[in-house]
Amino acid sequence: MSLIFVPLERLFFLRRQRFLRPGLKTDLAHYGFNHLLMGGIFFLIALPAEWVRKRYFIDAVPHFIQSLPLWLQVVLILFIADFCQYFVHRAFHTSPILWQFHKIHHSVPQMDWLASSRLHVIDVIVTRAISYIPIVWLGFSLDAVHIYLPIVAIQALFVHSNFRYGFGGLRYGLTTPLVHHWHHSSEEPALDKNFAVTFSIIDVIFGTFYCPRNWPEKYGLHGEEISESFVKQLLFPFLKVLKK
Ligand SMILES: [Zn+2]
Ligand SMILES: [Zn+2]
């Protein structure tokens, strides 16, 4: 990922950034922690999907899905996973309890590809576990899943990146960095907008799309402050929820 994004952001940066930018240490800690932990608890994330598949298995469904061309299966996975992700993401914004966990992601002071890793572990587990349910139940071919995974990983990083091009009207269909930068903006009209990570058309359909042609001026939390300490970011949502 560094091989792709470091040169990309050096050549086509939106804002000139110091290498040791504010918040970098915290984002790196989230990156390491989430990746290590995800390897260890993957079975937990896949558990709900496995349960649904076993309980509601219909033989004809994976049979039909696997008869589709590989490219179509990949597009379908991308869309279905993003469709689920949209509603989970929206719930993380609207539920006061879930927001305590998701606000960690919105506390990034500066946007770049590494800022995407600042995610609370509960956020990652819930979002992935729910998005996997339809993919596993529908029974896509493993080849399609293997193509989907790197695409979605790169896309998730790309939309956060410090990359200057806006891609014009494409932003009404696909989530571009401009669209997701607005999701991270603390400016009033952009609050609780742009939940899709791949297909912004989902936001257009559900009336949650907001993306002027210019880039946001202000990023981060709206009227809230959060410690930059990784440990505090990990623990604080639990403490907040217990207090409620
Ligand atoms: Zn969000
Ligand atoms: Zn984000």
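Preceding this section is the structure that the text describes.
About the criteria used
Residues numbered from 1 in each chain as written. Chains lettered and ligands numbered in written order. Predicted model: local features only at pLDDT ≥ 70, side-chain atom pairs only at ≥ 80, totals over all residues. Heavy atoms only, no water. Helix = DSSP H or I, 4+ residues; strand = E, 2+ residues; numbered from the N terminus. Buried < 20%, exposed > 50% of the residue type's maximum accessible area, 1.4 Å probe, protein only. Axes fitted to C-alpha atoms, helices over the stretch in contact; angles between N-to-C directions. Contact = heavy atoms within 4.5 Å. Nonpolar A, V, L, I, M, F, W, Y, C, P; charged D, E, K, R; others polar. Core = buried A, V, L, I, M, F, W, Y, C linked by side-chain atoms within 4.5 Å.

With respect to unusual backbone geometry
Look at phenylalanine 167: it is not a glycine, yet its phi comes out positive at around 60°. Looking at the secondary structure, you find phenylalanine 167 in the loop between helix 8 (142-158) and helix 9 (177-183). Here the phi dihedral of aspartate 192 falls at roughly 55°; this positive angle occurs in a residue that is not glycine. Looking at the element boundaries, aspartate 192 is found in the loop between helix 9 and helix 10 (201-206). Judged by its relative accessible area of 40%, aspartate 192 falls in the partly exposed class.

A short note on the packing of helix 2 (residues 24-40) against helix 11 (residues 230-243)
Closest axis-to-axis distance for the helix 2/helix 11 pair is 9 Å, and the angle between their directions is 65°. Contacts between helix 2 and helix 11 pair Thr26, Ala29, His30 and Phe33 from the former with Phe230, Gln233 and Leu234 from the latter. For the contact of helix 2 with helix 11, the residue count by class is four nonpolar, three polar and no charged.

Some details on the nonpolar core
The biggest cluster of nonpolar side chains holds 17 residues, and the ones touching the most others in it are Ile65, Ile77 and Phe140. For this core, the secondary-structure elements that each account for two or more residues are helix 4 (60-67), helix 5 (70-94), helix 7 (121-138) and helix 8. Per element, the largest residue contribution to this core is five residues, and it comes from helix 5. Setting aside residues up to four positions removed in sequence, isoleucine 65 forms contacts with Gln73, Leu138, Gly139 and Phe140.

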